[in-house]
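Chain residues, written in single-letter form:
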Amino acid sequence: MDEVRVGVGLVVGVLVVQVLASVLWSADAALTGVALAFNAVAAVSTWLFVRRGGRGAWVVAGWCAGFFGWHVVGLGALAGWWATGMDAVFEVASRYQVSVVYQAVLATAAGFAVHLLVPRRER
């Protein structure tokens, strides 16, 4: 399978899971709105990337890098590695174990998407 297709599939998967988590388990309406707006812009960027035949991969890889960073911060905050003051933002369904797995899985998926979508030079 093509790296770009797998990368796009990972991006779509991350976006779907994030939207569902935001809608189902967010404690704050404003936070849900911000999360949905970020995910909508990333979805449009991904759609344009696919529509243009793979041009503009840096934009989608940038979104994925941002999602990777966000979920790594969440994982570290839940693990107690650093204090962000945003622990409630990173909790999913008010359950610690589910939240840690969620952050780890989404960080991994976003990281692999960055790896697969970053344009490489032809040799």
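None of these values were measured; they are calculated from a predicted model.

Asker: Kindly report on a nonpolar patch on the surface, identifying the contributing residues and their values.
Answerer: On the surface, Val-12, Val-16, Leu-20, Val-23, Leu-24, Trp-25 and Leu-36 cluster together into a nonpolar patch covering about 630 Å² of accessible area. For the nonpolar patch, the element with the highest residue contribution is helix H1 (residues 3-25), accounting for six residues.

Asker: Give me the lowdown on the nonpolar core, citing residues and values where you can.
Answerer: Counting residues in hydrophobic clusters, the biggest one holds 20 residues, and the most contacted among them are Val-11, Phe-49, Val-60, Cys-64, Phe-67 and Leu-117. Broken down by secondary-structure element, the contributors of at least two residues to this core are H1, helix H2 (29-51), helix H3 (57-79) and helix H5 (96-117). Broken down by element, this core gets its largest block of residues, seven residues, from H5. For Phe-49, the contacting residues outside a window of four places in its chain are Val-4, Val-8, Gly-54, Arg-55, Gly-56, Ala-57, Val-60 and Leu-117.

Quick notes on the rules
Residues numbered from 1 in each chain as written. Predicted model: local features only at pLDDT ≥ 70, side-chain atom pairs only at ≥ 80, totals over all residues. Heavy atoms only, no water. Patch = residues over 30% accessible without salt bridge, like charges linked within 9 Å, V, L, I, M, F, W, Y side chains within 5 Å. Areas by Shrake-Rupley, 256 points an atom, 1.4 Å probe, with all protein chains shown as cover. Salt bridge = Lys/Arg side-chain N within 4 Å of Asp/Glu carboxyl O. Helix = DSSP H or I, 4+ residues; strand = E, 2+ residues; numbered from the N terminus. Core = buried A, V, L, I, M, F, W, Y, C linked by side-chain atoms within 4.5 Å. Buried < 20%, exposed > 50% of the residue type's maximum accessible area, 1.4 Å probe, protein only. Contact = heavy atoms within 4.5 Å.

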